[in-house]
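# Coordinate analysis (summary)
Chain residues, written in single-letter form:
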Amino acid sequence: MKPVKVGLLGLGTVGSGTLNVLTRNAEEIARRAGREIRISHAAAKHYDPTGLLGLDQVEVCDDAFAVVENPEVDIVVELIGGYSPARELVLKAIENGKHVVTANKALIAIHGNEIFAAAREKGVTVAFEAAVAGGIPIIKALREGLSANRIEWVAGIINGTGNFILTEMLAGRDFDDVLAEAQALGYAEADPTFDVEGIDAAHKLTIIASIAFGIPLQFDRTYTEGISKIESQDVSYAGELGYRIKHLGITKRTDAGIELRVHPTLIPERRLIANVDGVMNAVLVKGDAVGPTLYYGAGAGSEPTASAVVADIVDIARALTCDPENRVPHLAFQPDEMADLPILDMEQVETAYYLRMQVEDQPGVMARIATVLADAGISIEAIKQKEPEQGEGRLPLVMLTHRVLEKQMNSAIAEIEALASVNGQVTRIRVEPLAG
Ligand code: HSE
């Protein structure tokens, strides 16, 4: 059988990993795919040839559109990132009848509905395993391995840079210093605020929710909060209460609709996912038949991400002779069977809370706060009152509450902040038991 020819767009962190993995494991991969897979063309404006394997077999140019237009290329692998020109390149590749593999979560989360519709029209595949959780095959797990299940919820640590920063901060390192290291290691996005403010995780969660529940991609309905406001005192108070703070993407099916939210979360420290550190990602999926399942691995980095890219290329090579109608649909569900489930506003979400506030060291303060919470129907699970610093008239008060609607908690927090004996803003971090 003749080799499958791949046109690689981008020779950066993931592009160079893809070239190296495909070259190093060429024989093993050919046996799996049933034919040789060859990177015949590549486009890169700037790249460092040091350490790149098999580059002498590749025709490299600096014009990505030339690769997309090249009739010899069967599969275009988009590893440039960003929205534009990635969108135009992918749509042009589809128009030219080429299959596409991409690691670009921003592109799929924002333009996926348009791209998949174009791909269906042309009978080509767009594969994006590397877009979510780096090397973990979570897309394949949801699309294929768990297709018997009604998925109940998914919760994941899906940004390696953010988890790396949180882990190192726990060890006492400075935020900016750790972020600079994550950038040097090739983990961070071109704009690292995407990692720190939760946008990258929201892109990935948008994709996960579509595949888990068979709904269109709806990035603009995702509630997004990053890690930049987490303070080291919250990390240590959470620890004293038996919890770890992790930045989670959570999507859940409820009777009212779909929860779609990214925010720092307290998780009981005995859960496996609470102990996932560094650049590692983990995704916990609860299916009605299988129960809870956990997927763990490197969420970013050159070869871990390349592992997912190459797996998609192998899948396409295997399916090249299949009837396009019979391929696994892009978002796992048949396109005309997509559900019209509403995405819930954050105020409609119910969760437990960790609250921290600075209060005057006076009698009756605790009672006033407890009254506000009781009047809002919020029940307190635990309270910790810390000692005031020497000469300080104020002290930190930390609470865990039972589950309540976010709307009720918002009003209660506003009332607490208005109390004369409470100083400044209340810090709120959501708490999830993540029990199977
Ligand atoms: N910046 C992303 C992360 C890269 O840190 O997870 C992988 O998607």
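Residues numbered from 1 in each chain as written. Predicted model: local features only at pLDDT ≥ 70, side-chain atom pairs only at ≥ 80, totals over all residues. Heavy atoms only, no water.

## Quick notes on the domain arrangement of the protein
It is common to give the size of an interface as the accessible area that goes away when the parts come together. Annotation of the protein at the domain level lists domain 1 (4-135 + 302-337), domain 2 (138-298) and domain 3 (346-431). Centre-to-centre, using C-alpha coordinates, domain 1 lies 50 Å away from domain 3. (Domains from an automatic or database assignment.)

## Regarding the sheet that holds strand E5 (residues 99-102)
Reading across from one edge, E3-E2-E1-E4-E5-E6 is the order of the six strands in this open sheet, with parallel pairing throughout. Each edge of the open sheet carries a strand with a single partner, namely strand E3 (59-61) and strand E6 (126-127). In the packing of helix H1 (residues 13-24) onto the sheet, contacts are made with strand E1 (4-9) and strand E2 (37-43), and the angle to E2 comes to roughly 155°. (Pairing = 2+ DSSP bridges. Helix = DSSP H or I, 4+ residues; strand = E, 2+ residues; numbered from the N terminus. Contact = heavy atoms within 4.5 Å. Axes fitted to C-alpha atoms, helices over the stretch in contact; angles between N-to-C directions.)

## What about the site of the ligand?
Residues in close proximity to the ligand include Lys105, Asn159, Gly160, Thr161, Tyr187, Ala188, Glu189, Asp195, Asp200, Lys204, Gly299 and Ala300, which together make up its full environment. Within the backbone of Tyr187, an N or O atom sits 2.7 Å from a nitrogen atom of the ligand. The side chain of Asp195 places a nitrogen or oxygen atom 2.8 Å from a nitrogen atom of the ligand. Considering the ligand on its own, with 250 Å² of exposed area, one finds that the protein chains cover 93% of that surface. At the level of elements, helix H7 (160-170) and helix H10 (199-213) are the ones that each hand at least two residues to the shell around the ligand. Grouping the amino acids of the shell around the ligand by side-chain chemistry returns three nonpolar, four polar and five charged. (Near = heavy atom within 4 Å. Polar contact = N/O pair within 3.5 Å; in protein donor to acceptor, adjacent residues only side chain to side chain. Areas by Shrake-Rupley, 256 points an atom, 1.4 Å probe, with all protein chains shown as cover. Nonpolar A, V, L, I, M, F, W, Y, C, P; charged D, E, K, R; others polar.)

## Observations concerning the nonpolar core
In terms of nonpolar packing, the biggest core is built from 53 residues, with Phe128, Ile138, Leu142, Ile207 and Val285 touching the most fellow members. Put simply, the parts of the chain that give this core at least two residues each are helix H3 (64-69), helix H4 (86-95), helix H5 (105-122), helix H6 (138-145), strand E7 (151-157), H10, strand E10 (258-268) and strand E11 (280-287). Once residues within four sequence positions are removed from consideration, Ile138 is found in contact with Glu129, Val132, Ala133, Val283, Val285 and Tyr295. (Core = buried A, V, L, I, M, F, W, Y, C linked by side-chain atoms within 4.5 Å. Buried < 20%, exposed > 50% of the residue type's maximum accessible area, 1.4 Å probe, protein only.)

## Quick look at the environment of Ala93
You can see Ala93 is positioned in helix H4. Owing to a relative accessible area of 0%, Ala93 belongs among the buried residues under this scheme. Sequence separation of Ala93 and Leu166 is 73 residues, and the distance between their C-alpha atoms is 39 Å.

## A closer look at the pairing of E10
Of all eleven residues making up E10, eleven are buried, and the element is well covered by its neighbours. When strand E8 (residues 223-224) meets E10, the two strands line up parallel, connected through two bridges. Across the sheet, the residue bridging to Thr224 is Val262, located in E10. In this structure, strand E9 (residues 243-253) lies alongside E10, joined through eleven bridges in antiparallel fashion. Across the sheet, residue Leu248 finds its bridge partner in E10, namely His263. Following E9, the chain reverses through four residues before pairing antiparallel with E10; Gly257 in that reversal takes a positive phi of roughly 155°.

## What to know about the packing of aromatic side chains
What the rule picks out here adds up to two aromatic pairs. With centroids separated by 5.4 Å and ring planes inclined at 35°, the aromatic side chains of Phe116 and Phe128 adopt a geometry described as tilted. Of this pair, Phe116 sits in helix H5 while Phe128 is found in the loop between E6 and H6, placing the two residues twelve residues apart along the sequence. Their ring planes at 80° and their centres at 5.7 Å tell us that Phe164 and Tyr187 sit as a pair that is edge-to-face. You can see Phe164 sitting in helix H7 and its partner Tyr187 sitting in the loop between helix H8 (175-184) and helix H9 (193-196), a full 23 residues away along the chain. This pair shows no difference in class: Phe164 is buried, exactly as Tyr187 is. (Phe/Tyr/Trp six-rings, centres within 6.5 Å; stacked < 30°, edge-to-face > 60°.)

## Let's talk about the environment of Leu89
Here Leu89 is to be found in helix H4. Between the C-alpha atom of Leu89 and that of Val67, which follows or precedes it by 22 residues, the distance is 9.4 Å. For Leu89, the contacting residues outside a window of four places in its chain are Leu9, Ala64, Phe65, Val68 and Ile80.

## A few points about the side chain of Asp234
Among the secondary structure elements, Asp234 is positioned in helix H11 (residues 232-240). On the basis of relative accessibility, which here comes to 0%, the residue Asp234 falls in the buried class. For Asp234, the contacting residues outside a window of four places in its chain are Ile245, Tyr354, Arg356, Thr427 and Ile429.

## Quick notes on the packing of helix H13 (residues 365-375) against helix H14 (residues 406-418)
Across the interface, H13 lies against H14 with an axial gap of 9 Å and an inter-helix angle of 155°. With respect to each other, H13 and H14 are oriented roughly antiparallel. Crossing geometry of H13 relative to H14 is assigned as right-handed. In contact with Ile369, Val372 and Leu373 of H13, H14 contributes Ala412, Glu415 and Ile416. Looking at the contact of H13 with H14 residue by residue, the class counts come to five nonpolar, no polar and one charged. (Parallel < 35°, antiparallel > 145°, perpendicular 65-115°, else oblique. Left-handed = near helix turned anticlockwise from the far one by under 90°.)

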